[in-house]
Amino acid sequence: MEMTLRWYGKDFDTVSLEQIRQIPGVTGVITTLYDTKPGEVWSRERIKAMKDEVEAAGLKVAGIESVNVHEDIKLGKPTREQLIDNYIETLKNLGEEDIHLVCYNFMPVFDWTRTELARKRADGSTVLAYNQAAVDALVPEEMFNSIAGDTNGAVMPGWEPDRLAHVKDLFDEYKNITDEDLFENLKYFLERIMPVCDQYDINMAIHPDDPAWPVFGLPRIIINKENILRMMKMVDNPHNGVTFCTGSYGTNLENDLPDMIRSLKGRLHFAHVRNLKFNSPTDFEEAAHLSSDGSFDMYEIVKALYDIGFTGPIRPDHGRMIWGEKAMPGYGLYDRALGATYINGLWEAIDKSNR
Ligand code: CS2
Ligand code: MN
């Protein structure tokens with residue numbers, strides 16, 4: 001595996017490449033062109049400039065998170081043809097620049113959803129948290145307004161104000177879209193992009209829906225083992241793979257994370273590792289990465305990755321806000337650095353005990 005950290009670019013991130021470079025064992029970053037919109041073609045020049053900046057700091061661009069999929073592609077609208085052509089052009093330009101991993105998601109309207117961005121824990125740290133009753137009690141626009149104060153100035157992905165202004169229209173468009181339609185539209189998209197992925201050896205890694213169940217009545221399909229295996233099979237190409245995000249699949253306590261990892265051998269291209277602490281099955285908060293701080297067995301998770309011969313990028317996904325840091329919720333430096341070090345420690349121990 002290749003240890004990485006997500007980096008939001010120097011215009012948006014409070015964490016610098018120089019700081020990331022000093023975390024032991026971190027060799028690369030996962031990044032994107034943050035000022036592009038879904039559906040735009042990324043030029044080679046801009047991709048190259050991003051790469052040069054990262055490489056000048058002694059790091060590597062280990063992958064892109066995300067090249068976002070335009071809503072019309074998820075909805076299967078006629079406009080998807082041009083939008084998929086644009087996506088293919090972006091993949092080609094990434095391939096030409098020697099970038100071979102692309103994370104994306106197929107969640108309607110919203111990326112991940114949380115109800116609190118700064119829940120206080122007993123040790124004084126603050127964390128992202130989710131409570132189903134709070135979701136059920138609110139309409140989406142209100143929910144955004146109620147959490148907006150906790151972002152430390154950042155705009156959360158999918159919650160951009162100009163997007164939220166049209167959120168009602170988007171909801172209307174999804175009214176008649178079933179899970180089956182969403183699978184069908186995903187299949188169509190993947191079939192169209194696989195040739196360029198084959199040509200440039202680009203691993204597509206779908207990020208699971210977070211939380212792993214429908215929210216606000218919108219369909220959600222990348223939520224469990226059955227569905228993810230169905231998705232692998234429906235476009236049976238090794239470049240059609242997954243991002244295994246423990247914190248997203250793990251929102252559903254019925255998902256057996258190590259078992260799911262083992263079932264994805266050869267198709268698991270990217271790993272996000274974080275721990276959740278459940279207060280009830282419908283109320284959880286993002287804990288420190290350490291197993292004993294949350295509900296997941298991190299040793300078993302890392303061991304499953306080790307056992308399937310995972311060689312791709314891995315990153316600590318979300319951290320607590322600690323030591324007075326002010327950063328985008330989930331994306332501060334300190335706790336993610338602790339997470340990276342802990343995962344590296346588990347990996348080293350597992351590796352040495354297997355020799
Ligand atoms: C990420 C997701 O911050 C996070 O929780 O894991 O936002 C992820 O980047 C996207 O869903 C991938 O497209
Ligand atoms: Mn994730």
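Residues numbered from 1 in each chain as written. Chains lettered and ligands numbered in written order. Predicted model: local features only at pLDDT ≥ 70, side-chain atom pairs only at ≥ 80, totals over all residues. Heavy atoms only, no water.

Per an unreviewed UniProt entry, the chain is named Mannonate dehydratase, and its organism is Pseudobutyrivibrio xylanivorans DSM 14809. On record in UniProt, under Function (unreviewed entry), the comment for the chain is "Catalyzes the dehydration of D-mannonate." Per UniProt, the chain carries the Pathway (unreviewed entry) text "Carbohydrate metabolism; pentose and glucuronate interconversion." (UniProt positions renumbered as here; feature names shortened; annotations may be inferred.)

Asks: Got a minute to help me understand the overall build of the chain in this structure?
Replies: Scanning the chain from N- to C-terminus turns up 14 helices and 12 strands. For 355 residues, the compact-globule estimate of 2.2 N^0.38 gives 20 Å, and the chain sits close to it at 19 Å. Taken along its principal axes, the extent of the C-alpha atoms in the chain is 50 × 45 × 40 Å. Residues classed as buried in the chain amount to 58% of the 355 residues present. Excluding contacts between residues fewer than 6 apart, the proportion of contacts in the chain whose partners are at least 24 apart in sequence is 74%. Carbon and sulfur atoms form 50% of the exposed surface of the chain, whose accessible area is close to 14,500 Å². (Helix = DSSP H or I, 4+ residues; strand = E, 2+ residues; numbered from the N terminus. Rg over C-alpha atoms; globule rule 2.2 N^0.38 Å. Buried < 20%, exposed > 50% of the residue type's maximum accessible area, 1.4 Å probe, protein only. Contact = heavy atoms within 4.5 Å. Areas by Shrake-Rupley, 256 points an atom, 1.4 Å probe, with all protein chains shown as cover.)

Asks: For this particular structure, what's the right way to read the site of ligand 1?
Replies: Contacts to ligand 1 come from 16 residues, most closely from Glu65, Ser66, Asn105, Trp112 and Tyr331. Glutamate 65 places a side-chain nitrogen or oxygen 2.4 Å from an oxygen atom of ligand 1. One of the side-chain N or O atoms of histidine 207 is found 2.9 Å from an oxygen atom in ligand 1. Within the complex, the protein chains bury 100% of what would otherwise be the 340 Å² of accessible surface of ligand 1. Per element, the largest residue contribution to the shell around ligand 1 is three residues, and it comes from strand β4 (residues 101–105). Per-class residue counts for the shell around ligand 1 are five nonpolar, five polar and six charged. (Near = heavy atom within 4 Å. Polar contact = N/O pair within 3.5 Å; in protein donor to acceptor, adjacent residues only side chain to side chain. Nonpolar A, V, L, I, M, F, W, Y, C, P; charged D, E, K, R; others polar.)

Asks: Got a minute to help me understand the sheet that holds strand β5 (residues 116–120) in this structure?
Replies: Strand pairing in a sheet is mediated by backbone hydrogen bonds. Such pairs are either parallel or antiparallel. If you walk across this open sheet you meet the four strands as β5-β6-β11-β10, and the pairing is antiparallel. The sheet is open, and its two borders are formed by β5 and β10 (275–280), each paired with just one other strand. Averaged over all pairs of adjacent strands, the angle between strand axes in this sheet comes to 40°, irrespective of strand direction. Looking at chain direction, β5 and strand β6 (residues 126–131) are connected through three bridges and run antiparallel. Among the inter-strand pairings, arginine 119 is bridged to a residue of β6, identified as valine 127. (Pairing = 2+ DSSP bridges. Axes fitted to C-alpha atoms, helices over the stretch in contact; angles between N-to-C directions.)

Asks: What am I meant to see in a nonpolar patch on the surface here?
Replies: On the surface, Trp323, Tyr334 and Leu338 cluster together into a nonpolar patch covering about 340 Å² of accessible area. Tracing the backbone through its elements, the reader meets leucine 338 in helix α14 (residues 334–353). (Patch = residues over 30% accessible without salt bridge, like charges linked within 9 Å, V, L, I, M, F, W, Y side chains within 5 Å. Salt bridge = Lys/Arg side-chain N within 4 Å of Asp/Glu carboxyl O.)

Asks: Before we go on, may I ask you to explain the pairing of strand β11 (residues 283–287) in this structure?
Replies: Side-chain positions along a regular strand alternate between the two faces of the sheet. Most of β11 is tucked away: five of the five residues are buried. Summarising the sheet, β6 and β11 pair through three bridges and their orientation is antiparallel. The partner of alanine 129 across the bridge, within β11, is glutamate 285. Judged from the five bridges that link them, β10 and β11 form a sheet pairing that is antiparallel. Among the inter-strand pairings, asparagine 275 is bridged to a residue of β11, identified as alanine 287. Between β10 and the antiparallel strand that follows it, β11, lie two residues.

Asks: Help me understand the pattern of salt bridges, please; the structure alone is not making it clear to me.
Replies: Two side chains that carry opposite charge are able to pair once their charged atoms sit near each other. Applying the stated rule across the entire model yields 35 salt bridges. Across the pair glutamate 173 and lysine 77 runs a salt bridge, and its minimum N-O distance is 2.7 Å. With glutamate 173 in helix α8 (residues 167–173) and lysine 77 in the loop between α3 (71–75) and α4 (80–96), this pair connects stretches of sequence that are 96 residues apart. Taking the relative accessible area as the measure of exposure, glutamate 173 reaches 34% and is therefore partly exposed. Two residues, arginine 355 and aspartate 351, come together in a salt bridge whose shortest N-O distance is 2.8 Å. Each of the salt bridges in this network shares a partner with another, and the network as a whole consists of Arg6, Glu65, Arg114, Asp210, Arg274, Glu286, Arg315 and Asp317.

Asks: Sorry, what's going on with the pairing of strand β3 (residues 60–65) here?
Replies: Among the six residues that make up β3, five are buried, leaving the element largely enclosed by the rest of the structure. The pairing of strand β2 (residues 28–31) with β3 spans four bridges and is classified as parallel. Looking at β3, one finds that isoleucine 30 is bridged to glycine 63. For the crossover from β2 across helix α2 (residues 44–56) to β3, the handedness is right-handed. In this sheet, β4 lies alongside β3 in parallel orientation, the contact comprising two bridges. Residue isoleucine 64 lies in a different strand from β4, and its bridge partner there is valine 102. (Right-handed = clockwise from strand over helix to strand, strands pointing away.)

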